[in-house]
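# Breakdown of the fold
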Amino acid sequence: MLSQKMGIGNWLIQIDSDEYIPNFKGFVKQLRKYDSYLENPKENPVQISGFHVDIYKYLDDGLLYVRNTCKVLLATNYPNYKLARQTYEKVIYVNTLVFHESLARTEQDLQFKLKNWGHNHELNTEFLNKWKSANKENYKNIKDVFYLNPKQWKNLGYLPTKDFFEINKNIKKIDIQQITPTFVFFKNLGQWFKHTFTKPKKQKIAFEDYIQKFK
């Protein structure tokens, strides 16, 4: 409803309250390269995706983050949403990192979140002990740290700052899967093939499934 009020013919950007784009100016610069998609958005709907960097834990003098990234949908030219931000249209990837604070909270707040989460029976039983013990001295030895399937987050990195302006200045030094121009090119090439030569499947999402996913 909000996207409709904002008006078709604009880039509609959606960022959650626990997500941060250190180089937001750079993201907008990349986004504007695709302004041609604003001319007839209903006939050429697209989604713009960056890459999530999950913040694992804040420390007194820095933070720990998950080294492997995943896509995060940030904008669309046509808000025919099917599930949260997902429209199931063609994705255009841009070289933008988005830091996600989902687990980066105090131990008390994290325990409260996990206890009251609808899927807490699926939790990795080793997760909380690993999280509590992780620090800048031992983080390289801590593996498989995701709270459900542990192998989804294989290992951690460390940044000696919690200031996102400082993170932006040193963004190229972050020890993650490298999001190079070549990597982004082939991701976009794959999307072009997918949406040019295959018929899109209609996605039917039950309301109950939606509620369970985002509890």
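Scroll up for the structure.
Every value quoted in this text rests on a predicted model; they were computed, and no experiment measured them. (Residues numbered from 1 in each chain as written. Predicted model: local features only at pLDDT ≥ 70, side-chain atom pairs only at ≥ 80, totals over all residues. Heavy atoms only, no water.)

### Let's talk about the packing of aromatic side chains
For the structure on display, the rule yields 15 aromatic pairs. Ring centres 5.2 Å apart and planes at 80° place the aromatic pair phenylalanine 185 and phenylalanine 186 in the edge-to-face group. Look at phenylalanine 186 and you get exposed, because its relative accessible area is 52%. Ring centres 5.7 Å apart and planes at 85° place the aromatic pair tryptophan 192 and phenylalanine 197 in the edge-to-face group. Owing to a relative accessible area of 40%, tryptophan 192 belongs among the partly exposed residues under this scheme. Under the relative-accessibility criterion, phenylalanine 197 is labelled exposed at 57%. Ring-pair connections join several aromatic residues into one group, and the members of that group are Tyr56, Phe127, Phe146, Tyr147 and Trp153. Above the ring of tryptophan 131, the side-chain terminus of lysine 57 is found at 4.9 Å from the ring centroid. (Phe/Tyr/Trp six-rings, centres within 6.5 Å; stacked < 30°, edge-to-face > 60°. Buried < 20%, exposed > 50% of the residue type's maximum accessible area, 1.4 Å probe, protein only. Lys NZ or Arg CZ within 6 Å of the ring centre and 35° of its normal.)

### Topic: the nonpolar core
If you look at soluble globular proteins, the nonpolar side chains tend to sit buried side by side. In terms of nonpolar packing, the biggest core is built from 19 residues, with Tyr56, Leu64, Leu110, Phe127, Tyr147, Trp153 and Leu156 touching the most fellow members. Among the elements that make up this core, the one with the highest residue count is helix α4 (residues 127–133) (3 residues). Within the second largest apolar cluster, 18 residues are counted, among which are Leu73, Val91, Leu97 and Ala104. (Core = buried A, V, L, I, M, F, W, Y, C linked by side-chain atoms within 4.5 Å. Helix = DSSP H or I, 4+ residues; strand = E, 2+ residues; numbered from the N terminus.)

### Details of a nonpolar patch on the surface
On the surface, a nonpolar cluster with roughly 220 Å² of combined accessible area is contributed by Ile13, Ile15 and Phe24. Tracing the sequence through the fold places isoleucine 15 in the loop between β1 (12–13) and β2 (19–20). (Patch = residues over 30% accessible without salt bridge, like charges linked within 9 Å, V, L, I, M, F, W, Y side chains within 5 Å. Areas by Shrake-Rupley, 256 points an atom, 1.4 Å probe, with all protein chains shown as cover. Salt bridge = Lys/Arg side-chain N within 4 Å of Asp/Glu carboxyl O.)

### Focus: the pattern of salt bridges
One pass over the structure, following the stated rule, counts 8 salt bridges. Between arginine 85 and aspartate 16 there is a salt bridge, and its shortest N-O distance comes to 3.0 Å. Note that arginine 85 is positioned in the loop between β5 (70–76) and β6 (90–100) and aspartate 16 in the loop between β1 and β2, a separation of 69 residues in sequence. We classify arginine 85 as buried; its relative accessible area is 14%. Taking relative accessible area as the criterion, aspartate 16 reaches 35% and is therefore assigned partly exposed. Of the charged contacts, one joins lysine 151 and aspartate 144 as a salt bridge, the two residues approaching to 3.6 Å between their closest N and O atoms. By sharing partners, the salt bridges in this structure join Asp16, Glu19 and Arg85 into a single network.

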